[in-house]
Amino acid sequence: MQFEKLDPRFLERINQIYSKPDLEIVKSGFETKKRNTTFRVNTIKSSNENEEKYLNSLWISFEKIGFLSNAYKINALNWYRVANLRWFISWEFYLQWITSQIPVELMDINEWMTVLDVSAAPGWKTSQICSKLNNTWKVVANELNTIRREKLKATIKKQWCTNVEIIWIDARELWKKYKNETFDSILFDAPCSAEWRINLNEEKIWPSWDEENIKKNAKLQKEILDFIIPLLKKWGELIYSTCTLAPEENEEIVDYILSNFKDFEVQKISLDYMFSRPWITKFNWKKYNSEITNCLRILPNIESEWFFVAKFKKI
Ligand SMILES: C[S@@+](CC[C@H](N)C(=O)[O-])C[C@H]1O[C@@H](n2cnc3c(N)ncnc32)[C@H](O)[C@@H]1O
């Protein structure tokens, strides 16, 4: 199709990142017009069992996503029916990509823990954390952008999340508010160059791609990490995720953490999903720490958006 119309430098990078067989999957991901609709059951308000019963009563066919606790897929054409349902309006389930549910799914959190969501708006993952904690103890959700912060507030309210404190400071200044070793678990779903948005059917998005933006984001990600890592307790976990393909914002960041924070180790992520791959160990002239292969890359594909997740433990 029009794959060759994408920026030649972008294509060169994609060719470096993916193997030949995977490239075919990647291309189809960029060409996909309409994916299935996926959602997450808000367990604060309902249960998988309730939602399944309800969809069955409406003769809407659905598929449970095996590797996620509360995720379902329905045909996009059915979406207009679901969107009108009393249940959707009352936020018993929440539209959320399959892949965007992975970072929180991987968090080992329980009701006694204090969790920091470093860059939280519009609140997909904050509300998932609250659901997972069943609204117990505490989630601190931070967001710098004023407009997005209002969206975060709305999500939290609609989904009945009652254990969240919303704050708004530049993540590089969180250390001014919190002492070292305050949090048991930190999610850093980083601001990134968002290459997931590149779709061949939406021409207004992809001409704006450029490598400078990647560099700018990578710099910001490292700066934020420098300031949030000390806030994590010993034995605590850090989840790092992005929705971009660029190794500078993924592998290079993990490499940066491993080189600069000697008390951090990468945890192996195993996910039974046909589009998951380990992270790559070299890009351009750079070679990364071999432990990086423990992290998870989801290929661009026809079924789900792509995503990148790394999980660390502070030892
Ligand atoms: C990938 S989005 C987060 C998505 C969110 N975790 C979710 O699942 O709904 C990254 C967010 O980081 C915010 N951000 C950018 N720079 C920031 C900074 N210096 N401090 C805090 N947040 C920042 C952006 O406004 C954006 O909302």
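Residues numbered from 1 in each chain as written. Predicted model: local features only at pLDDT ≥ 70, side-chain atom pairs only at ≥ 80, totals over all residues.

1. With respect to the overall build of the chain
Of the regular secondary structure elements, the chain holds 11 helices and 15 strands. Relative to the 2.2 N^0.38 estimate, which gives 20 Å for 315 residues, the radius of gyration of the chain is 19 Å and therefore close to what a compact globule would have. If you take every contact in the chain between residues at least 6 apart in sequence, the share linking residues at least 24 apart comes to 78%. (Helix = DSSP H or I, 4+ residues; strand = E, 2+ residues; numbered from the N terminus. Rg over C-alpha atoms; globule rule 2.2 N^0.38 Å. Contact = placed C-beta atoms within 7 Å.)

2. With respect to the nonpolar core
If you look at the biggest cluster of nonpolar residues, it comprises 67 residues, and the most contacted ones within it are V139, I186, F188, I228, L238, C295 and V309. With five residues, strand 15 (residues 307-314) is the single largest residue contributor to this core. Contacts of V139, omitting those with residues within four sequence positions, involve V115, D117, T126, I129, C130, L133, N163 and V164. Formed by nine residues, the second largest nonpolar core is a distinct cluster that contains F39, V41, W97 and I98. (Core = buried A, V, L, I, M, F, W, Y, C linked by C-beta atoms within 7 Å. Buried ≥ 20, exposed ≤ 12 C-beta atoms within 10 Å, placed from the backbone.)

3. Thoughts on the domain arrangement of the chain
Partitioning the chain into domains gives domain 1 (3-17 + 99-314) and domain 2 (37-95). If you average the C-alpha positions of domain 1 and of domain 2, the two centres end up 26 Å apart. Of the residues lining the interface, 15 residues belong to domain 1; the matching set on domain 2 comes to 12 residues. Considering every element that reaches the side of domain 1 that touches domain 2, the biggest residue donor is helix 7 (residues 124-133), with four residues. Residue classes in the side of domain 1 that touches domain 2 are distributed as five nonpolar, seven polar and three charged. (Domains from an automatic or database assignment. Nonpolar A, V, L, I, M, F, W, Y, C, P; charged D, E, K, R; others polar.)

4. Some points on the site of the ligand
The environment of the ligand is formed by 17 residues, the closest being S119, W124, A171, D189 and P191. Looking at the shell around the ligand, its residues break down into seven nonpolar, four polar and six charged. (Near = placed C-beta within 6 Å.)

5. With respect to the pairing of strand 8 (residues 183-189)
The element strand 8 is extensively covered by neighbouring structure, given that seven of its seven residues are classed as buried. The sheet contact formed by strand 5 (residues 114-117) and strand 8 spans three bridges and is parallel. Within strand 8, the residue paired with L116 across the bridge is I186. The pairing of strand 8 with strand 9 (residues 232-242) spans six bridges and is classified as parallel. Residue pairing across strands places S185 opposite E237, the latter belonging to strand 9. As for the winding sense of the linkage, the β-α-β connection from strand 8 through helix 10 (residues 211-228) to strand 9 is right-handed. (Pairing = 2+ DSSP bridges. Right-handed = clockwise from strand over helix to strand, strands pointing away.)

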